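# Inside the fold
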Amino acid sequence: MGRRRTWKERSRGSSYRLRVAQVNEIYRRYSAQGLSNREIWHRHVYPVYGICERTFYNLLKASSEQEDASAVCRAPSIFDILEDDKE
């Protein structure tokens, strides 16, 4: 019987990688406008994903750790619809 892997050692699924990519896209979009991290989380990430602030920071950090986070397919998100409504 082998050693039990910790949560950091387990492989992450495609839904996790997709969530990382989407949260980072939201972060990039609103950080360019000058919003603080907490405001981005509170106004734009929490209502959609319902994650705590610590998880938000872990997802931002995960993008730099995953080399294939940018290779996740570009599935449409709710923010694509919202951008069309503004125009």
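Scroll up to find the structure this text is about.
This text gives an overview of the structure that appears in the document. (Residues numbered from 1 in each chain as written. Predicted model: local features only at pLDDT ≥ 70, side-chain atom pairs only at ≥ 80, totals over all residues. Heavy atoms only, no water.)

### Quick word on the nonpolar core
Put simply, the rule reads: In this text, buried Ala, Val, Leu, Ile, Met, Phe, Trp, Tyr and Cys residues form a nonpolar core when linked through side-chain atoms within 4.5 Å. Exposure classes here rest on a 1.4 Å probe applied to the protein chains alone. A residue is buried below 20% of its type maximum, exposed above 50%, and partly exposed in between. Numbering of helices and strands starts at the N terminus; helices are DSSP runs of H or I of at least 4 residues and strands are runs of E of at least 2. Should any heavy atoms of two residues lie within 4.5 Å, those residues are considered in contact.
Within the largest apolar cluster, 13 residues are counted, with the highest numbers of intra-cluster contacts made by Ile40, Val45, Ile51, Phe56 and Leu59. At the level of secondary structure, the elements contributing two or more residues to this core comprise helix 1 (14-31), helix 2 (37-49) and helix 3 (53-65). Considering every element that reaches this core, the biggest residue donor is helix 1, with five residues. The residues touching Ile51, leaving out its near neighbours within four places in the chain, are Trp41, Val45, Tyr46, Phe56 and Leu59.

### A word on helix 1
Defined as follows: In a helix, the anticipated span is given by 1.5 Å times the number of residues less one.
The end-to-end C-alpha separation of helix 1 is 25 Å, in line with the 26 Å expected for 18 residues at 1.5 Å each. Those residues of helix 1 that fall on the buried side of the exposure criterion are Tyr16, Val20, Ala21, Gln22, Val23, Asn24, Ile26 and Tyr30.

### What about helix 2?
Between the first and last C-alpha of helix 2 there are merely 16 Å, a value that for 13 residues lags more than 12% behind the 18 Å anticipated at 1.5 Å per step. Within helix 2 the residues assigned to the buried category are Ile40, Trp41, His44 and Val45. Gly50, located one to two residues past helix 2, shows a positive phi value of around 65 degrees.

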